[in-house]
Amino acid sequence: MNTPSREARTLLQTLARGNDEVGTIYARNVSEALYLGLQYLEQEGVWITSRSGRVIEAPNPVMSIYKRPEERVLFYPSRDANPFFHLFESFWMLAGKNDVKYVSQFNSHISSFSDDGISFHGAYGHRWRKYFSKDQLNLIVEHLKKEPNSRRAVLQMWSPEDLLKATDNPSCKDVPCNTQVYFKIRKERLQMTVSCRSNDIIWGTYGANAVHFSVLQEYIAARVGVPMGTYYHLSDSYHAYEEVYNKVLDILKQKDSGDVLWYDSYLGWNQGMHYTPEPMFTAPEHIDRDVKKFMDKPLMHFYENSFFEETAVPMLLAWQSFKQKRYDEGFTRLERVKALDWKKASIEWLERRRKKWELKEK
């Protein structure tokens, strides 16, 4: 068994007492959180049957706490997280979209979560910006600028209609898992708490959720004019599905090197120090316009926020090369990516695809 940090180990020991308290996963970033979350389910999880198969579930709700939510990219080979999908889905959400067509370009399986194959009833971004007939993100930004000590900056994703939909059609696949987000400014930083009714920790909590909600936090922080603070994620049902859970358990079998925790993927990139991710939004007043440009005609525009030009666009071009099986061209395009975390993850993901393709072609 690997040895987590002393602070994390203490929390795992507390969890193992079997009491009725909310569990806590305290991590620097998403990589450490996934490692600790798998340890917790191994120690305390209970196997149950769900409508989607066997799952191992935490006995109580679990709070995941990220001190560095901007370190949002995963690199575990067995997890094989798709960085292209995670990043572009985040922009799709900020744009308030709910169509299946756009995101299914980057994840062909996602269409299976839509009830009609055309749109997503529970799409988070659509709920943020359009579903309730108000742009909630604009309202929250305006509110926090006027009332920086407020406790009322609540982002709503769940509707009574969702309960009616689930009751009338128990087989429906498309109601929101994440239900509310709370924002508040403390110690001059934007804290964020996400509330989730049902969380698959591998694909959700420590996968897509960690990316698109931390991007949302960075978006609100930039527009309000404060740095990002701590990200809290409360999972009422904290679980993993049997097949994918067994595939990633090798994460717990890796060996550390001295005092360096192997799963801390951001450590050692900068002369042994932690790499600080590139800020996504450096021109806050232009974010929405840049997001719209990227969604509509990504290669035809100049962007005020340089992350789009320097990271998102070359990643998109590399994706297009990958879809045409032009791998060398894809790697060349990824060399232009400025954000080292997205660059590293994209190259490694594409390399795994190339190896599979070459084996298939033999």
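So, on to the overall build of the chain. Scanning the chain from N- to C-terminus turns up 13 helices and 10 strands. Here the chain has a C-alpha radius of gyration of 20 Å; the compact-globule value for 362 residues is 21 Å, and the two agree. Principal-axis analysis of the C-alpha atoms places the extent of the chain at approximately 55 × 55 × 45 Å. The long-range share in the chain, meaning contacts at least 24 apart out of those at least 6 apart in sequence, stands at 69%. Looking at the chain as shown, the accessible area adds up to about 17,400 Å², and 50% of this sits on carbon and sulfur atoms. Computing the positive centroid from 50 side-chain charges and the negative centroid from 47, the chain places the two 2 Å apart.

Within the secondary structure, Leu-299 is located in the loop between helix H10 (287-296) and helix H11 (306-323). Residue classification places Leu-299 among the partly exposed positions, given a relative accessible area of 42%. Residues Leu-299 and Tyr-232 lie 67 residues apart in sequence; the distance between their C-alpha atoms is 35 Å.

Its place among the elements puts Gln-217 in helix H8 (residues 201-224). Separated by 3.4 Å, the side chain of Gln-217 and the backbone oxygen of Thr-230 make a polar contact. Among residues more than four places away in sequence, those in contact with Gln-217 are Pro-69, Leu-190, Gln-191, Met-192, Met-228, Gly-229, Thr-230 and Tyr-231.

Attention now goes to unusual backbone geometry. A positive phi is found at Ser-133, a non-glycine position, where the angle reads about 65°. Along the chain, Ser-133 falls in the loop between helix H5 (124-131) and helix H6 (136-146).

Summed over all chains, the structure comprises 26 aromatic pairs. The ring centre of Tyr-131 lies 3.9 Å from the NZ or CZ of Arg-127, which sits over that ring. One cation-aromatic arrangement involves Lys-344 over Phe-75; the distance from NZ or CZ to the ring centre is 5.3 Å.

Right, let's get into the environment of Glu-309. Mapping Glu-309 onto the fold places it in helix H11. With residues near it in sequence (within four places) discarded, Glu-309 still touches His-301, Phe-302, Tyr-303, Pro-314 and Arg-336.

In this section: the pattern of salt bridges. Under the criterion given, the structure shown has 20 salt bridges. Glu-71 is the partner of Arg-28 in a salt bridge, and the nearest nitrogen-oxygen pair spans 2.8 Å. Note that Arg-28 is positioned in the loop between strand S1 (23-27) and helix H2 (30-44) and Glu-71 in the loop between strand S4 (62-66) and helix H3 (83-94), a separation of 43 residues in sequence.

Before going further, it helps to spend a moment on the side chain of Asp-174. By the element assignment, Asp-174 lies in the loop between helix H7 (160-168) and strand S6 (178-186). A distance of 2.3 Å separates a polar atom in the side chain of Asp-174 from the backbone nitrogen of His-121. At a separation of 3.1 Å, a polar atom in the side chain of Asp-174 contacts the main-chain amide nitrogen of Gly-122.

The complete set of buried residues in H6 reads Gln-136, Leu-137, Ile-140, Val-141 and Leu-144. Angular distribution of buried residues about the axis of H6 spans 135°; they occupy a single face of the element. Residues of H6 that are exposed and point over 90 degrees away from its buried face: Lys-145 and Lys-146. Where H6 is buried, its residues contact H3, H5, strand S5 (153-156), S6, strand S7 (189-200) and H8.

Take the nonpolar core next. In this structure, Phe-88, Phe-91, Trp-128, Phe-183, Phe-213, Ile-220 and Phe-294 are the most contacted members of the largest nonpolar core, which totals 101 residues. For this core, the element with the highest residue contribution is H8, accounting for 13 residues. Once residues within four sequence positions are removed from consideration, Phe-91 is found in contact with Met-280, Val-291, Phe-294, Met-295, Phe-307, Phe-308 and Ala-312.

Bringing the packing of H3 against H8 into the picture now. Across the interface, H3 lies against H8 with an axial gap of 9 Å and an inter-helix angle of 50°. In terms of axis orientation, H3 runs oblique to H8. H8 is crossed by H3, and the crossing has right-handed handedness. Taken together, the residues of H8 that come into contact with H3 (itself represented by His-86, Glu-89, Ser-90, Met-93 and Leu-94) are Gly-207, Ala-208, Val-211, His-212, Val-215, Leu-216 and Tyr-219. Here the contact of H3 with H8 is built from residues that sort into 7 nonpolar, 4 polar and 1 charged.

Time to look at the pairing of strand S2 (residues 46-50). In the sheet, S2 pairs with strand S3 (residues 53-57) via 5 bridges, with the strands oriented antiparallel. Pairing of Ile-48 across the sheet is with Val-55, part of S3. Connecting the antiparallel pair S2 and S3 is a turn made up of 2 residues.

Helix length check: H11, at 18 residues, gives a terminal C-alpha distance of 25 Å against a target of 26 Å (1.5 Å per residue), a fit within 8%. The axis of H11 is deflected most strongly, by about 35°, at Ala-312, and proline Pro-314 appears within four residues downstream. The buried count for H11 comes to 13 of 18 residues, which makes it a mostly enclosed element. Among the residues trailing H11, Lys-325 stands out with phi positive, at a value near 60°.

Rules used throughout
All residue numbers refer to positions counted from 1 along the written sequence of the respective chain. Selection of residues for local features in this predicted model requires a pLDDT of at least 70, selection of side-chain atom pairs for listing and counting requires 80 or more, and totals for whole chains, interfaces and linings are taken over all residues. Heavy atoms throughout the structure, all of them, feed into the side-chain values; hydrogens and water do not. Only DSSP runs of H or I with at least four residues qualify as helices, and only runs of E with at least two residues qualify as strands; both kinds are numbered from the N terminus onward. All radius of gyration figures rest on C-alpha atoms, and the globule criterion is 2.2 Å times the number of residues raised to 0.38. Any two residues whose heavy atoms approach within 4.5 Å at even a single point are treated as in contact. All accessibility values rest on the Shrake-Rupley procedure with a 1.4 Å probe; residue burial counts only the protein chains present in the view. Charged residues are defined narrowly, with Lys and Arg counted positive, Asp and Glu counted negative, and His plus the chain ends left uncounted. In plain terms, the charge of a residue is placed at NZ if it is Lys, CZ if Arg, CG if Asp and CD if Glu. Accessibility here uses a 1.4 Å probe with only protein chains present; expressed as a share of the type maximum, an area under 20% marks a residue as buried, one over 50% as exposed, and anything in between as partly exposed. The term polar contact refers here to a pair of N or O atoms within 3.5 Å; inside protein, the definition further demands a hydrogen-donor-capable atom paired with an acceptor-capable atom, and it admits residues adjacent in sequence only when both atoms are side-chain atoms. What counts as a ring pair is set by centres within 6.5 Å for rings of Phe, Tyr and Trp (its six-membered ring), and what kind of pair is set by the plane angle: stacked under 30 degrees, edge-to-face over 60, tilted for all other angles. Think of it as a cone above the ring: NZ of Lys or CZ of Arg counts as a charge over the ring if it is within 6 Å of the ring centre and within 35 degrees of the ring normal. By convention in these notes, a salt bridge is any Lys or Arg side-chain nitrogen within 4 Å of a carboxyl oxygen on Asp or Glu. Directions pointing from the helix axis toward each C-beta atom define the arc. Here the nonpolar core consists of buried residues drawn from Ala, Val, Leu, Ile, Met, Phe, Trp, Tyr and Cys, with membership extended through side-chain atoms lying within 4.5 Å. Only the stretch in contact is used when a helix axis is fitted, and all axes are lines through C-alpha atoms; the angle between N-to-C directions ranges over 0 to 180 degrees. By definition in this entry, angles of less than 35 degrees are roughly parallel, angles greater than 145 are roughly antiparallel, angles of 65 to 115 are roughly perpendicular, and the rest are oblique. The handedness criterion is simple: a crossing whose near helix is rotated anticlockwise from the far helix by less than a right angle is left-handed, and one whose near helix is rotated clockwise is right-handed. Basically, the charged four are Asp, Glu, Lys and Arg, the nonpolar ten are Ala, Val, Leu, Ile, Met, Phe, Trp, Tyr, Cys and Pro, and anything else, Gly included, counts as polar. In this analysis, strands are considered paired if DSSP registers two or more bridges between them. To estimate the expected span of a helix, count its residues, drop one, and scale the result by 1.5 Å. Take the seven residues that end at a residue and the seven that start at it, fit an axis to each, and the angle between those axes is the bend at that residue.

Nothing here speaks to function; it is all geometry.
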